[in-house]
Amino acid sequence: MKFIHAADLHLDSPFLGLRDEAMPESLETIIRQSTFESAKQIFTDAIDQQVDFVLLAGDLFDRNEQSVAAKYFLDQQLQRLNEVNIPVLIIFGNHDYYAGDIEQLGFPANTFVFGNQVETHQLTLTSGETVAISGFSFANQWVRERMINDYPQRQAVDWHLGMLHGSAEGIHSTEGVYAPFSITELQAKNYDYWALGHIHLRQSLDEEETINYAGNTQGRHINESGPKGYLLVESKQHQLQSSFHATATIDWQRYLIRATGVTSTELINQIFAELSEQKFKQLQLIRIEIAADTLNDEQIAEINSGQLLTVLQQQNQTIWQQYHFWVTSIKLTEVTNQLNDTIDGRFFTEAEADIFTETQYKELLQPFAKYQFVAAEILNDDSEQQIHNFATQTLVTHIKNEGAAD
Amino acid sequence: MIIKTIDIYGYGKWVDQQIEFSAPIQVIYGPNEAGKSTIIDFITSILFGFQTKRQAIHGQYQPKHSHAYGGELVFEQDGITYKVIRTAGSHGGNVKFTNLTDEIELTKADFDQIIAPMNRELYSELFYFGGVDQTAFYKMGLDDLRWRIQKIGINNAESWFALQKQIDKQAAELYAPRGRKRVINQQLKQHDDLVEKIQAAHQQFPEYQELTKQLAVLKQQRLQANQQLADQQKTLQQKQQQSRALPLIKEIDQLQQKTPAQLIDINDHTFELARQLNTQLDSLTQQTAQNQAQVDQIHATIKLDDQQQFLIDHQQQIEELGNQLNRQFELCSQVELLEQQIKRNQQQIDKLTQPLLDNGASRLPDLLTDTEISQVNQFLQLTSARSPKKVKANSAGVIIGWVMAMVMLILGLFTNRVLIIIGVSIVGGIVGYQWYQKKQPISNDSVETGADNELPKYLIAIGKRTGLDNFPIDQWVSVQGQIRQINDLNNNLDIDANQQSNLKKQLHDYLVQWHFADHWLFNPNLDNRQQLENVQQLVNTAQQLQKKQQQKKQQLQIIDQLQQTNQQELNQKQIALQKILNDNQVQSITELKQLAEEQKQQQQNQSRLNMLQQQLEQLHLTTDLNVNSLTEINAATNQLEQEVNQHQSEINQLSNQISEAQTRLDMLAKDGSYYDLRQRLNNLQTEINANVTRWLGLQFAQKWLELAMNIATKGRVPKTLERTSKYFNIMTNQHYVKVNFEDQITVVAADGTSFEIKELSRGTLEQLYLALVLALAVGFSDEMAFPIIIDDGFVNFDVYRTQASVKLVHEISKTNQIIFVTADKRQAEMFSHDAMLNLTSKEEKVND
């Protein structure tokens, strides 16, 4: 038996953390097409590998986005597999949740979509092996019930597989509730393989690597770095072995720089020099992380104001196609608080603890309450630290400029 | 600081005025326009600098009648007395500063250092009470208080305040809660716009779904229509088949009727054979006729005329004689030749003889004998040796010539007669040459020999005998040759003549034999040759005739054979033909032909019939047809054709709709603009977040700075608050117990009631403010104790409160010099124990 396990295609979903300014149109096009290209490769591989079937474990697209392109593409790709009689089994997740009539979806005959209640679908392969697959689709954005309890115990078939879109308790922190389950519960069903979806970082939850998140198929922001693709699962006697195949056309990467120059120009040149030496084979979207202690105040100010990134991206326009990288953001690391060194430093230190409180953040963000994305981005340790650093920098720069008291 | 004296050079109405100040309290009493305010302003100006025209709201106090401006001020601080002189100049005026105690000249900088951080503004806020700006006071809150305190309490307070302003500015650039042009505000607006656009673009999805459904329906419709069309076309086809079939059927019927029961079945070969035979017979017959004609013709020409008959009759004779003809011709030729020869000889002879006879000789001389020749030669040798060459040449030439001639003649006799002629010619030539020679040299030689005309007798006798006496002696020998020649020629001539006559006889004998053919032949006037030629002609004619006769015979024979063969063949073929005719029961070849024609026609009909039947089969008719239903069928066909067209156009329309829908569908699917909107939205969110981060950073910096500054002055603020409460308590005779500073100031009465300061009476308000100023002043007195100026401060106080306030003033004067300025005598009297400057006395005016 040979099948493909893929999930979180997020077709036609935009990338996060990019800026409109300076991005060349051709790059925009590549980005727009990236989720499609990666997914298309998976379907092509399914045909080339002559797999017995394909499992898609949810979040194929965002239903709220109502993208025609995504629907059209998916219909086409399913049809490709339909023409060579490769079945496709789909569960919908928290982004592509669906509670309506499955017939209305207009998928071809080879495609089976699991309903909102756990159901089991049987297949008989050309080899004669019988396969049962159990799964369910999200009816809306959250599923609080422990759906795992509805999954049947292993049936009298050659292979019993489970499909589930959700987060494992204790392992993944979640803001919402997504069909929670525990590894023990999965293992208790005695299935041969669990095709999981929802977590974008590919990982196995068990040692035998039969409880797997395939991960998403194309990274869409800096926290989704590393190779992305699908899992090919093959049977070797009575065991299932999975292997990863990369299909993403764009990778995300963090790159650390220890600055050696004193001007912004030197810094930019250094960044480009180091990146081009990497000789990337595939397009990389890069966050440059610079150790703050290797920078002077002017450089830091330019980074904080966004000016450096603007200039850098303008220059990036001319070389990205040759060297396959595009710098999306610059971040300072190892920022130290230098206010203590000042004459009035003790006052600032004393004030610091009272200022940078969660309440204060929330209060200041009040004006932006309508825009949820703001709070979502800022109310986390990373962003808050950045703000703290920025405030520190503002004061420090001023102190340095003014010199000691006269 | 305690002010000791002032010396006004020129300020307002004061010119060159000295005033002494006492501590701890100095009262200045004077009516309106006495110059009290001028003095106060003078003090502040000397201490903190002259104001510019713009800054001086109350005027610069330029003296009207004096050019001097400014003055001196002597004060005491920390046990040292100082004098400061400030006069007109830039940057607040020219300053001279002296340490009077130690008599040290100091600088402006030193003065500024002592004064710092106090300035006019701060002083008026902290150390001057001139009544209260109610509105401002109402607005005053803790922050303002803090500000007043912080200004003094922090190092580089100004620069921090500047930073605060800068941060505010930067933050404001980024965002303002109700702004529209700030960066974040604009971006938020853009965000809203994009969200709207995206909302609108959502329409695409239902449109896509709708189109997909539509497309399916259209395709289904088209499918149905296609099916219907197919059915109709099938029916139409049938009808068309039928209409095609009818004429076929008709013709088939006709043909079938024409077909006889029994078909002619004759082998084509037979016809062919008969035809061939017939043709051959015709040709044979023709040939026979031709042959016969030829025979007749030949026979016609066989007829002979008389001559021909004659020749035939004497054929043999003629033949015999004819065979001799060639010989006779030869003879004739020989005769003619001989004739010529004879003539030539004769000519030659004549020629040769003639010159010899020219000498007068009557005859040809005779030959000399050899002895005679030698005798002559001997004689000649003796007489001439002069031209041996010529003679030799001549004789050599002559000898060669003679040799050649002899050779030719001998050869000629054995071979060709021609050579004889050549030999004769050579002879002739030699003779001629010699004759010529003789002629010439005779003239030359005769000169030479003329001398010797005398001849021996024996020679003369020879001459006479031979007849050479007419010749010169030197020619005698030479002439021999010629004579000999002539003699020879004569001989030849005779021979030839004989021969000729012999031959002539032969000819004659021969010709005589031909007399039998006289009729046809002889013309006696003809010579031999001509006669021979006639004979020849006759013979030829006879030969020809014979040949012809022979030929004709042969021809006749051949033809005869041919005729026989022909006849055989003819018979054969006739028999064969007849057989065929009999076999097929016809009388003639014409009838047979007719039969063949008929058969052909039948075959044609049959094949046409087959073809029609095949065609009919191919039409696959499903029903039997009545031949007469053509009109019906045509009508049905027309209608069906119309319907088919209609359906066709329907289908075309559907196809168009389908392709339109498909195109639109593809367009929707390929349209990247919706994605672009969403990507842009995300990008915008990223940028908004970046800006908000910056803005928050600034906000935090601001708050941080504020708090730090607060902490830096933490000591003072609560103390000031406390002190304010205390002083207010005193001034109000314990009517109020507490003053609270928050966003606004509130006071608490003794009974615990809280009042906003708006609710206080004017007098109480002023007391509160005074309490504050005094509290502030006292609060800073550890660092800087400036004189406190109370300018008409108690006007709105009632008696009791005034008393209480005065008491407080006295209390405070322990730490600060108080300068109490009033126009109210009563108030002035309350300070009866203190130093009083009465300005009325200065002006010689007393207003009571």
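Residues numbered from 1 in each chain as written. Chains lettered and ligands numbered in written order. Predicted model: local features only at pLDDT ≥ 70, side-chain atom pairs only at ≥ 80, totals over all residues. Heavy atoms only, no water.

Some remarks on the overall build of chain A
Here's step 1: A tally of helices and strands in chain A yields eleven helices and 15 strands.
Here's step 2: A burial count over chain A gives 57% of its 406 residues as buried.
Here's step 3: Taking the intrachain contacts of chain A between residues at least 6 apart in sequence as the baseline, contacts between residues at least 24 apart amount to 70%.
Here's step 4: Surface exposure of chain A reaches about 17700 Å², of which carbon and sulfur atoms provide 45%. (Helix = DSSP H or I, 4+ residues; strand = E, 2+ residues; numbered from the N terminus. Buried < 20%, exposed > 50% of the residue type's maximum accessible area, 1.4 Å probe, protein only. Contact = heavy atoms within 4.5 Å. Areas by Shrake-Rupley, 256 points an atom, 1.4 Å probe, with all protein chains shown as cover.)

Description of helix H13 (residues 370–383) of chain B
Here's step 1: The first and last C-alpha atoms of H13 of chain B sit 20 Å apart over 14 residues, in line with the 20 Å expected at 1.5 Å per residue.
Here's step 2: In this fold, the buried residues of H13 of chain B make contact with helix H16 (457–466) and helix H17 (474–513) of chain B. (Expected span 1.5 Å × (residues − 1).)

Here we look at the nonpolar core
Here's step 1: Residues Ile-6 and Met-118 of chain B are the most contacted members of the largest nonpolar core, which totals 83 residues.
Here's step 2: Counting residues per element, this core draws most heavily on helix H23 (residues 762–780) of chain B, at 13 residues.
Here's step 3: In this structure Ile-6 of chain B touches Gln-17, Gln-18, Ile-19, Phe-21, Ile-39, Phe-42, Ile-43, Glu-72 and Leu-73 of chain B, once residues within four positions along its chain are discounted.
Here's step 4: In this structure, Leu-364 and Ile-399 of chain A together with Leu-174 and Ile-688 of chain B belong to the second largest nonpolar core, which totals 46 residues. (Core = buried A, V, L, I, M, F, W, Y, C linked by side-chain atoms within 4.5 Å.)

So, the pairing of strand S12 (residues 239–246) of chain A
Residue and element names in this part refer to chain A.
Here's step 1: Bridge count for strand S11 (residues 229–236) against S12 is eight bridges, and the pairing is antiparallel. Directly across from Lys-236, in S12, lies its bridge partner Gln-239.
Here's step 2: Connecting S11 to the next strand, S12, in antiparallel fashion are two residues, including Gln-237 with a positive phi near 55 degrees. (Pairing = 2+ DSSP bridges.)

So, the sheet that holds strand S13 (residues 250–257) of chain A
Strands in a sheet are paired, the pairing made by backbone hydrogen bonds, and the direction either parallel or antiparallel.
Residues and elements named next belong to chain A.
Here's step 1: Taken together, three strands build an open sheet; the order of strands is S13-S14-S15 and the sheet is parallel. Strand pairing shows two members of the sheet lacking a second neighbour, S13 and strand S15 (325–333), which therefore form its edges. On average, each strand axis in the sheet is inclined to that of its neighbour by 20 degrees, with strand direction left out of account.
Here's step 2: Where strand S14 (residues 283–291) and S15 come together, eight bridges link them in parallel fashion. Note that in S15 the partner of Arg-287 across the bridge is Ser-329. (Axes fitted to C-alpha atoms, helices over the stretch in contact; angles between N-to-C directions.)

Considering the side chain of Lys-331 of chain A
Here's step 1: Looking at the secondary structure, you find Lys-331 of chain A in strand S15.
Here's step 2: Leave out the neighbours within four places in its chain, and Lys-331 of chain A touches Arg-287, Ile-288, Glu-289, Ile-290 and Asp-382 of chain A.

Here's the deal with the interface of chain A and chain B
Here's step 1: Between chain A and chain B, the contact holds 63 residues from the first and 53 residues from the second.
Here's step 2: Looking only at chain A, the three residues that lose the most surface to chain B are Val-68, Tyr-72 and Phe-373 of chain A, adding up to 12% of its buried area.
Here's step 3: Taking the shortest distance from any N to any O, the salt bridge between Arg-678 of chain B and Glu-65 of chain A comes out at 2.9 Å.
Here's step 4: Run the count over chain A and chain B and you get twelve residue pairs in polar contact (both at pLDDT 80 or more).
Here's step 5: Counting residues per element, the ones that place at least two in the side of chain A that touches chain B are helix H1 (25–49), helix H2 (68–83), helix H5 (297–305), helix H8 (345–355), helix H9 (358–364), helix H10 (372–378) and helix H11 (381–402) of chain A.
Here's step 6: At ten residues, H11 of chain A tops the list of elements feeding residues into the side of chain A that touches chain B. (Buried area = accessible area lost by both parts, 1.4 Å probe. Salt bridge = Lys/Arg side-chain N within 4 Å of Asp/Glu carboxyl O. Polar contact = N/O pair within 3.5 Å; in protein donor to acceptor, adjacent residues only side chain to side chain.)

A short note on the pairing of S11 of chain A
All names here are of chain A.
Here's step 1: In terms of burial, S11 is a largely internal element, six of the eight residues being buried.
Here's step 2: By the bridge criterion, four bridges tie strand S1 (residues 2–6) to S11 in an arrangement that is antiparallel. Note on S11: the bridge partner recorded for Ile-4 is Leu-232.

So, the packing of aromatic side chains
Here's step 1: One pass over the structure, following the stated rule, counts 41 aromatic pairs over all chains.
Here's step 2: Consider the rings of Phe-368 of chain A and Trp-695 of chain B, whose centres lie 5.7 Å apart with planes at 90 degrees: the pair is edge-to-face. Residue Phe-368 of chain A is found in the loop between H9 and H10, and its partner Trp-695 of chain B is found in helix H21 (residues 673–712); the two belong to separate chains. Across the pair, Trp-695 of chain B and Phe-368 of chain A agree in class, each one buried.
Here's step 3: When the ring of Trp-514 of chain B is compared with that of Phe-516 of chain B, the centres are 5.6 Å apart and the planes differ by 20 degrees; the resulting orientation is stacked.
Here's step 4: According to the relative accessible area criterion, Trp-514 of chain B is buried, its value standing at 0%.
Here's step 5: Residue classification places Phe-516 of chain B among the partly exposed residues on the basis of a relative accessible area of 26%.
Here's step 6: Members of the aromatic cluster, joined through ring pairs, are Phe-136, Phe-138, Tyr-151, Tyr-191 and Trp-194 of chain A.
Here's step 7: Above the plane of the ring of Phe-92 of chain A lies Arg-63 of chain A, whose end atom (NZ or CZ) is 4.7 Å from the centre. (Phe/Tyr/Trp six-rings, centres within 6.5 Å; stacked < 30°, edge-to-face > 60°. Lys NZ or Arg CZ within 6 Å of the ring centre and 35° of its normal.)

Quick word on the sheet that holds strand S10 (residues 745–749) of chain B
All names here are of chain B.
Here's step 1: With antiparallel pairing, three strands are arranged side by side in an open sheet as S9-S10-S11. What marks the edges here is a single partner per strand, and that holds for strand S9 (736–741) and strand S11 (754–756). Taken pair by pair, the neighbouring strands of this sheet meet at an average axis angle of 25 degrees, ignoring direction.
Here's step 2: Relative to S11, S10 is paired through three bridges, and the arrangement is antiparallel. Residue pairing across strands places Thr-746 opposite Glu-756, the latter belonging to S11.

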